[in-house]
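Structural overview
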Amino acid sequence: MTALVLQHLPLQDRLAAARVCQTWAEAAALATSSIKLRAVTAQRLPGLQSWVQQHGQQLTSLQLGIKGAADNAVLQLPELRQLCNLVLVGCKLQLPATARRQRTRAAAGVPMVLLPHLTSLQLGGFVLSTPSTLLQLTRVTSLRSLKLGERCACNAAIQITPKLQQQPKQLSQALSSVLQHNTQLTQLHVWG
């Protein structure tokens, strides 16, 4: 009942209500399937990340715009099995470490897929210094839309460090590998 009431509150009020008590925190989490924040400061990113790790299992859409972020701002996502849409501008994405689970599932002949319902991913507004940031996307295999960088006035392009620019083959191979693992991809936009 509390979750139904909280569902009608704006996101900021819902998250504030979650601080009242454990019951309200659980109700606020259940009432939150979509988060869209455009101007989150880099200082608030750890708190948001903590909330997503504790209460984000029901999220279907997460759209964050980080302002004033340093080049090393990173959002570490837990395994969000319901997430369909992810937009991150102003920070890098770090997918969950699954080495142990991958070995266990690989031994059983079952491939480990992260974010199994993620069909739309947009990343931009950060500095790419190694291909590993792109290569982790090979563990997401359900993408239909992938946008790297963004064509807009908000400077959301992905900047490539001079060192990585001198190694275009590595960058090309990383992107090629991502495409090979996402066979359902119908939209691809790369800017920056």
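Remember, predicted model here, so these are calculated numbers, not experimental data.

The next thing to look at is the pairing of strand 8 (residues 145-148). Strand direction decides the pairing type here: strand 6 (residues 120-124) and strand 8, joined by four bridges, are parallel. Within the sheet, the bridge partner assigned to Leu 123 lies in strand 8 and is Leu 148. In this structure, strand 8 lies alongside strand 10 (residues 187-190), joined through four bridges in parallel fashion. When the bridges of strand 10 are listed, Leu 146 appears paired with Leu 188.

We note that Leu 115 has phi near 45°; this positive angle belongs to a residue other than glycine. Mapped onto the elements, Leu 115 comes out in the loop between helix 5 (99-107) and strand 6.

A separate point is the sheet that holds strand 4 (residues 85-89). Spatially, 1-2-4-6-8-10 is the arrangement adopted by the six strands of the open sheet, whose pairing is parallel. The two strands at the open ends of the sheet, each matched to only one other strand, are strand 1 (34-41) and strand 10. Recorded for the sheet is a direction-independent mean angle of 5° between the axes of neighbouring strands. Relative to strand 4, strand 2 (residues 61-67) runs parallel, the two being bridged by five bridges. For Leu 64, the partnering residue across the bridge sits in strand 4 and is Leu 88. The strands touched by helix 4 (residues 45-55) are strand 1 and strand 2; relative to strand 1, the strand with the most contacts, the crossing angle is about 165°.

Calculation rules
- Residues numbered from 1 in each chain as written.
- Predicted model: local features only at pLDDT ≥ 70, side-chain atom pairs only at ≥ 80, totals over all residues.
- Heavy atoms only, no water.
- Pairing = 2+ DSSP bridges.
- Helix = DSSP H or I, 4+ residues; strand = E, 2+ residues; numbered from the N terminus.
- Axes fitted to C-alpha atoms, helices over the stretch in contact; angles between N-to-C directions.
- Contact = heavy atoms within 4.5 Å.

Function cannot be inferred from these measures alone, as they are strictly geometric.
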